[in-house]
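# Survey of secondary and tertiary structure
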Amino acid sequence: MAFTSLELEPRIGSELKISKESLLSGAHALDIRALLVQRGVLVMRDLYLTDDEQRHFARTMGDLRLGGIKKEGEEGLMKVTFDKKENPEYAKFFFGSQLWHMDGTYEEVPPFATMLTPRVLANTGGDTEFVNNYATYEDLPQEEKFRLDTLKVVHTMQAALFPAKPDCSPEEFALWCTYPARAHPLVWHHKSGRKSLVLSTSASHVAGMHPAESRDLLTRLMWHATQPRYVYRHKWRMGDLLMWDNTGTMHRVLPFDEESGRKLHRFTLNGEEPVSAAA
Ligand code: OGA
Ligand code: MN
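Quick look at the structure, then. Keep in mind it's a predicted model, so treat the numbers as computed, not measured. All residue numbers refer to position in the chain's written sequence, counted from 1. For naming, the first written chain is A and the first written ligand is 1, with later ones following in the order written. Local features in this predicted model are restricted to residues whose pLDDT is 70 or higher, and side-chain atom pairs enter the listing and the counts only when it is 80 or higher, whereas totals over whole chains, interfaces and linings include all residues. Note that the side-chain values use all heavy atoms of the structure and ignore hydrogens as well as water.

### Brief notes about the environment of His-205
- Tracing the backbone through its elements, the reader meets His-205 in strand 11 (residues 203-206).
- Relative accessible area serves as the criterion here: at 33%, His-205 is assigned to the partly exposed category.
- For His-205 and Asp-216, which are 11 residues apart along the polypeptide, the C-alpha to C-alpha distance reads 10.0 Å.
- Dropping the residues within four chain positions of it, His-205 is found in contact with Lys-152, Val-153, Val-154, Ser-214 and Leu-218. A helix here means a DSSP run of H or I that spans at least four residues, while a strand means a run of E at least two residues long, and both kinds are numbered starting from the N terminus. Partly exposed describes any residue whose relative accessible area lies between the buried limit of under 20% and the exposed limit of over 50%, with all areas from a 1.4 Å probe on protein chains only and scaled to the type maximum. The criterion used for residue contact is that any of the two residues' heavy atoms lie within 4.5 Å.

### Observations regarding the site of ligand 1
- For each residue, the test is whether any non-hydrogen atom lies within 4 Å of the molecule or strand; if one does, the residue is near. With respect to spatial proximity, the complete set of residues near ligand 1 consists of Val-80, Ser-97, His-101, Asp-103, Thr-128, Trp-244, His-251, Val-253, Arg-262, Leu-264 and Arg-266.
- Whenever two N or O atoms come within 3.5 Å, that pair is a polar contact, provided that in protein one can donate a hydrogen and the other can accept it, and provided that, for residues adjacent in sequence, both atoms are side-chain atoms. Contacts to ligand 1 include Arg-262, whose side-chain N or O atom sits 2.8 Å from an oxygen atom.
- Contact distances for ligand 1 include 2.7 Å between an oxygen atom and a side-chain N or O atom of Arg-266.
- Per-residue and other accessible areas follow the Shrake-Rupley method at a 1.4 Å probe size, with only the shown protein chains counted as cover for residues. Expressed as a share of its isolated accessible area of 290 Å², the protein-covered part of ligand 1 is 98%.
- Using protein atoms alone on a 1 Å grid, points that fit a 1.4 Å probe yet trap it form a cavity, whereas open point sets bounded by protein on both sides within 12 Å along at least five of seven lines form a pocket; residues with an atom within 4 Å of a point count as lining. For a molecule to be placed in a cavity or pocket, more than half of its atoms must lie within 2 Å of the grid points of that cavity or pocket. Structurally, ligand 1 is housed in the largest cavity.
- Of all the elements in the fold, those that place two or more residues in the shell around ligand 1 are strand 14 (249-253) and strand 15 (263-269).

### Side note on a nonpolar patch on the surface
- Every patch collects residues that have over 30% relative accessible area and no salt bridge, joining them within 9 Å if they carry like charges and within 5 Å if they are nonpolar side chains (Val, Leu, Ile, Met, Phe, Trp, Tyr). In the sections that follow, a salt bridge refers to a side-chain nitrogen of Lys or Arg positioned within 4 Å of a carboxyl oxygen of Asp or Glu. Together, Tyr-48, Leu-121 and Met-238 make up an exposed nonpolar region whose accessible area comes to about 280 Å².
- Residue placement: Tyr-48 occurs in the loop between strand 3 (41-44) and helix 3 (51-61).

### Re the coordination of the manganese ion (ligand 2)
- We call an atom a donor if it is N, O or S and sits within 2.8 Å of the metal, or 3.2 Å for Na, K and Ca. Water is not counted, so some sites may look partial. Protein coordination at the manganese ion (ligand 2) comes from His-101 (NE2), Asp-103 (OD) and His-251 (NE2), with a distance range of 2.1 to 2.2 Å.
- Read in sequence order, the donor residues for the manganese ion (ligand 2) give the motif H-x1-D-x147-H. Residue His-101 shares its accessibility class with Asp-103, and that shared class is buried.

### What about the sheet that holds strand 6 (residues 128-132)?
- Taking strand neighbours across the sheet as the criterion, the 3 strands line up as 12-6-14 in an open arrangement whose pairing is antiparallel. Every other strand in the sheet has two partners, leaving strand 12 (231-234) and strand 14 as the edge strands with one partner each. Taken over all neighbouring pairs, the strand axes of this sheet differ in orientation by 20° on average, direction set aside.
- Here a strand pair is declared whenever DSSP counts at least two bridges between the two strands. Two elements, strand 6 and strand 14, share 5 bridges in a ladder whose sense is antiparallel. Bridged to Phe-130 within strand 14 is His-251. A fitted line through C-alpha atoms represents every axis, and for helices the fit uses only the stretch in contact; the resulting angles, taken between N-to-C directions, go from 0 to 180 degrees.

This is the structure we're talking about:
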């Protein structure tokens, strides 16, 4: 084995120790992918990858995302920052990343994985937290698993963003509404045979359920899923490369000083399977 790994929390997150050469060779891509979906989040320290190296590594891991509904930055590079000058197209959406979410739930096939390297650290705050939604599903009582298996949840951009900006302008709200609403099963039966909860602040309501009952259920599941035993909290250091399996986790950034210009460079891998219910 050209790399070793160390568990960061019992239920989520591993630190991978690997040389830059081994990482970029692609020779271990399958093993790294397997560990990623097993552990939800992989962290590598002290790599100091350039954009080209990060993009190259991303391509060894899967299908590099060049554009979703709108085209993403230069050859897949997305600058994750609240600074609208740095990212005129997307910075206006990133405030929503402070709420627990999965990326791209408005798409039929949500992105598989995301990789971040820090470029400017926040002076204060700005840690990123992750939840393992395989583990949160696993721990539910059996009767509840049966019940949740039958449900579909409608995800919308308004549900994702409004709670983070209740004083938005009508124009902003109208922009969010241009994104499609998307129904996904609440329990994802992955091709691998494993199952995970599909939870995100973007979850607007359970299809066909009374709105009050739906809100209760989604709130309770979010409470369940964000208990400390399912969470890994990442404190960023320059040189880091962090990757998460977007199909089995959710994430959020903790509040930070926006004047600091916090910025991360991100590459994303396209999804490989739609959110599928039980056959
Ligand atoms: C993202 C995201 C969190 C962060 O890039 O999708 O939610 O810590 N980022 O900036
Ligand atoms: Mn995100």
